[in-house]
Amino acid sequence: MTNRALSTASSPSSAAITSKNNINNNAFSTTAAAALNDSLSSDAMKDEYGSMDASGNTYAVDNFTLESGVVLPQAQLRYQTYGTLNEKRSNVLVVCHALTGNASLHVWWSDLLGPAKAFDTTKYFIVCCNILGSCYGSTSPTSVNPNTGNVYGMDFPDVSVQDTVKLQLQLLQKHLKVKSIKAVIGGSFGGMQVLEFAAQGGIVNGNVTNSDGQPYVRSIVPIACGAQHTAWQIAVSEVQRQAIFRDAKFAHDPFQATAGLEIARQIGMVSYRTPMGYQAKFGRSMQSANATSSPAYGAQADWKVKNYLIYQGTKFLTRFDPVTYVKMTEQMDSHDVSRGRGSSVKQVLEQVQIPALVLGIDSDVLYPLFEQQELADFLPNSKLGVIHSEDGHDGFLLEQEQVGNYITDFLNEHALEDGEQLDEL
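These lines cover the structure that appears in this document, whether it is placed above or below. (Residues numbered from 1 in each chain as written. Predicted model: local features only at pLDDT ≥ 70, side-chain atom pairs only at ≥ 80, totals over all residues. Heavy atoms only, no water.)

1. Observations regarding the overall build of the protein chain
Moving on, step 1. Counting its regular elements, the protein chain contains 14 helices and nine strands.
Moving on, step 2. Within the protein chain, residue pairs in contact and separated by at least 24 positions form 76% of the contacts whose partners lie at least 6 positions apart.
Moving on, step 3. In the form shown here, the protein chain has an accessible surface area of approximately 16800 Å², with 51% of it arising from carbon and sulfur atoms. (Helix = DSSP H or I, 4+ residues; strand = E, 2+ residues; numbered from the N terminus. Contact = heavy atoms within 4.5 Å. Areas by Shrake-Rupley, 256 points an atom, 1.4 Å probe, with all protein chains shown as cover.)

2. Things to note about the packing of helix H4 (residues 161-175) against helix H5 (residues 189-201)
Moving on, step 1. For the pair H4 and H5, the least separation of the axes is 9 Å and the interaxial angle reads 65°. Of the possible angle classes, the one that applies to H4 and H5 is roughly perpendicular. The chirality of how H4 crosses H5 is right-handed. The residues of H5 that touch H4, namely those facing Val 161, Gln 162, Thr 164, Val 165, Lys 166, Gln 168, Leu 169 and Leu 172, are Phe 189, Met 192, Gln 193, Glu 196, Phe 197 and Gln 200. (Axes fitted to C-alpha atoms, helices over the stretch in contact; angles between N-to-C directions. Parallel < 35°, antiparallel > 145°, perpendicular 65-115°, else oblique. Left-handed = near helix turned anticlockwise from the far one by under 90°.)

3. Regarding the environment of Arg 341
Moving on, step 1. Relative to the assigned elements, Arg 341 resides in the loop between helix H10 (322-333) and helix H11 (345-349).
Moving on, step 2. The partly exposed category is assigned to Arg 341, whose relative accessible area is 25%.
Moving on, step 3. Once the C-alpha coordinates of Arg 341 and Ala 199 are considered, the two residues, 142 residues apart in sequence, prove to be 8.8 Å apart.
Moving on, step 4. In this structure, Arg 341 is in contact with Gln 162, Glu 196, Ala 199, Gln 200, Asp 336 and Val 348, ignoring residues within four places of it in sequence. (Buried < 20%, exposed > 50% of the residue type's maximum accessible area, 1.4 Å probe, protein only.)

4. Thoughts on the side chain of Thr 139
Moving on, step 1. Mapped onto the secondary structure, Thr 139 falls in the loop between strand E5 (125-129) and H4.
Moving on, step 2. For Thr 139, a relative accessible area of 4% gives the class buried.

5. Some remarks on the pattern of salt bridges
Moving on, step 1. Here the structure, examined in full by the defined rule, presents nine salt bridges.
Moving on, step 2. The residue Arg 241 makes a salt bridge to Asp 333 at a minimum N-O spacing of 2.8 Å. One end of the pair, Arg 241, is in helix H6 (residues 231-245); the other, Asp 333, is in helix H10, with 92 residues separating them in the sequence.
Moving on, step 3. Classification of Arg 241 as buried rests on a relative accessible area of 4%.
Moving on, step 4. Classification of Asp 333 as buried rests on a relative accessible area of 18%. (Salt bridge = Lys/Arg side-chain N within 4 Å of Asp/Glu carboxyl O.)

6. Some remarks on the nonpolar core
Moving on, step 1. Of all hydrophobic cores here, the largest spans 108 residues; its most connected members are Leu 105, Trp 109, Phe 119, Phe 197 and Ile 223.
Moving on, step 2. Setting aside chain neighbours within four positions, we find Trp 109 in contact with Val 95, Phe 119, Ile 185, Gly 187, Ile 223, Phe 396, Leu 397, Gln 400 and Val 403. (Core = buried A, V, L, I, M, F, W, Y, C linked by side-chain atoms within 4.5 Å.)

From the geometry alone we can't say anything about function, so treat these as descriptive.
See the structure below:
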């Protein structure tokens, strides 16, 4: 296995996004989207992400063996860093993104990043990696297979959360030369990675340790996730995948199944929120400027909520493709910290003795609060914090003040245990 860093953000994977991704091939109209966006009232639901791109540095590994035994000829990982690594190379925070996020932490958790914030750039060296298999710079279905010269597409191998974290740990240890990680933090798919970091690097005499056998990861903050993807979550993902598979274009060119991807995104936008959130934002309101011009019901009813979902589906085509979405949701379904490690989730998590702050959202219907309670019960050195929100699962992105306060208090609480000073490192 060969490890190397690429000095620029250009790579076969980013080139493939430009040439093959449906961003440039679908019939999406920027003008139409802008008009629809303008037509949505100012009190429409707040967006969970800002402008997304593949910015960052690239770390590459040749012949990377996946959990399945399949070997990726080249595994590239796009990443960004913030702040300065201290002399001990131990003031490191790793922040993991969710399903459709990227390495640009400053875009989607901006209120948490910077001096005197939760991810304090004057104290910590913060690392954020794009997930292996994602379309924001890491090796993915849009990448060119160096063995064939063709874009992977649906032939891209199955990647697990274990694989994604294994590659990130190699970046941290072999390239960035990090000696120890203060905390790993993330929500949703990011939270699944956090738990995988704990399973691989948060156990005394585990797979990844310091030279003295102590855990390489010193604390964790998993948010809005459970110890394994449940039947409920797999079902929600499968309905979205079926929408893509049933697109008439999928059979001859899966990258062109954009109508199916729009529906998949709309399903996601419902599951990420709550009944009360939708009612508060939209109610039974019509989109038309003159509401009386819309029928009160029926096929021509111009529901404001309908316009919102159509807009979200259309907008998603500017930053994601159907094949990557299928593969990424399948990777989420791989999440199970007990696989290959023990007879139960409880048995595995009880070995993770490092401090843990588990955060859940009281209105989350996709990853209900009882799953975070279970994590807190099984992790022996943990506590549970509850985020109060009407925004459901997306509360981990939208309730940044609450999330930031929890994280700041947790990091400060365990600073002295790490031999740190609260005001400086």
